[in-house]
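So the chains spell out like this:
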Amino acid sequence: MNTLSGRRTRVLAATTATAGLLLVAACTSSDDGGSGSKTAAGGVELVKGGQLTTCTHLPYPPFQSEIDGKVQGFDVSLIDLVAKDLGVKQEILDTPFENFKTGAFLNSGECDLAAAGMTITDERKKNVDFSDPYFDATQALLVAKDSGISSLADAKAKKVKLGAQAQTTGEDYVKAQGFDPVSFESSDAVLNGLRSGQVKAVVIDYPVVQGWLKDKANADAFQVADNINTGEQYGFTVKKGNTKLRTAINKALSDAKADGTYKKLYEKWIGPYEASVASPAAS
């Protein structure tokens, strides 16, 4: 990851763990193995001493993905700020996305929080507690430049085979619009489905498409045919009732916005910043 003035991040390196792919902060020379205090600053109780354990689902650039052997991204950098405030390091556990909707890994004590570019919904609030919103998102319709598809309505009229990432609000949205989408396990699989011709168009969060189009080969082949404002906001999640950790996350987000750190991270990972953090389509 390139150095960014004012950033308070830790570099994350990959190792293998039984529950999934565990990515451990590499800036420390040793790990207390959980033998340290499980109570962090502010009385926040952690599932393992000396660390803030984050569940995520890889890859989901620009929010979290493995780059040069390290998990990096907007979510990772923001949660590093929380970990710093708590006086611990962040460790990342790669888990299936469906667990974020149910809060399974939070309830089982495997993770303290989940950070996975997850949209805040009333249905999900039944199982987990969300932080304050930290990002406003839209959905994008991505198609081949020679597809002749001009919008989501056009794709529907032409009965285009559409792809989406499984268990996401994008998938829910296109189903509600009358599509029967091909479901892909990850964002990488969504893009590969479009590249291979398995589907003719895909709907996924616009920031993900932004990341794809930074690659010249993708930019030469594909274009955004429609940007769909669904009013979505992302939030981090904690186990229901974990008020102290939720408060710590909200404080770190508020402080980062006040001191300019949030803006720097947004510009690094997402694109041009607007004070309202409105539609990312502005970039």
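Conventions used here
- Residues numbered from 1 in each chain as written.
- Predicted model: local features only at pLDDT ≥ 70, side-chain atom pairs only at ≥ 80, totals over all residues.
- Heavy atoms only, no water.
- Buried < 20%, exposed > 50% of the residue type's maximum accessible area, 1.4 Å probe, protein only.
- Helix = DSSP H or I, 4+ residues; strand = E, 2+ residues; numbered from the N terminus.
- Arc of directions from axis to C-beta.
- Contact = heavy atoms within 4.5 Å.
- Axes fitted to C-alpha atoms, helices over the stretch in contact; angles between N-to-C directions.
- Parallel < 35°, antiparallel > 145°, perpendicular 65-115°, else oblique.
- Left-handed = near helix turned anticlockwise from the far one by under 90°.
- Nonpolar A, V, L, I, M, F, W, Y, C, P; charged D, E, K, R; others polar.
- Pairing = 2+ DSSP bridges.
- Core = buried A, V, L, I, M, F, W, Y, C linked by side-chain atoms within 4.5 Å.

A.B. asks: Describe in detail helix α7 (residues 187-196), supporting the description with residues and values.
C.D. replies: Turning to α7, its buried residues number three or more, namely S187, V190, L191, G193 and L194. Taken end-on, α7 shows its buried residues confined to a sector of 155°, consistent with a single buried face. A positive phi of about 85° marks G197, the residue just after α7.

A.B. asks: Got a sec to walk through helix α8 (residues 206-213)? Specific residues and values, please.
C.D. replies: Most of α8 is tucked away, with 6 of its 8 residues classed as buried. Considered for burial, the residues of α8 that qualify are Y206, P207, V208, V209, Q210 and W212. Summarising the contacts, the buried residues of α8 are in contact with β9 (135-144), α7, β12 (201-205), α9 (216-221) and β13 (222-234).

A.B. asks: Go over the packing of helix α1 (residues 74-86) against helix α11 (residues 261-269), please, and point to the residues and values.
C.D. replies: Interhelical geometry of α1 versus α11 gives an angle of 160° and a closest axis separation of 9 Å. Relative to α11, the element α1 is oriented roughly antiparallel. Crossing geometry of α1 relative to α11 is assigned as right-handed. Side by side, α1 and α11 meet where F74, S77, L78 and L81 of the first sit next to T261, Y262, L265, Y266 and W269 of the second. Residues of the contact of α1 with α11, tallied by class, amount to 7 nonpolar, 2 polar and no charged.

A.B. asks: Run through the sheet that holds β9, naming residues and quoting values.
C.D. replies: Strand order in the open sheet formed by 5 strands is β11-β10-β12-β9-β13, and the pairing between neighbours is mixed. With partners counted over all chains shown, the strands left at the sheet margins are β11 (182-184) and β13, one partner each. Geometrically, the sheet is characterised by an average inter-axis angle of 25° between neighbouring strands, direction not taken into account. When β9 meets β12, the two strands line up antiparallel, connected through 5 bridges. Its bridge partner being in β12, L142 is matched across the sheet by V202. Where α7 meets the sheet, its contacts fall on β9, β10 (162-165), β11, β12 and β13, and the angle it forms with β12 comes to roughly 160°.

A.B. asks: Which residues make up the nonpolar core, and what values do they have?
C.D. replies: By size, the foremost hydrophobic cluster in this structure holds 49 residues, and its most contacted members are L52, F74, L78, L86, F135 and W212. Broken down by element, the residue count for this core peaks at 7 residues, all from α1.

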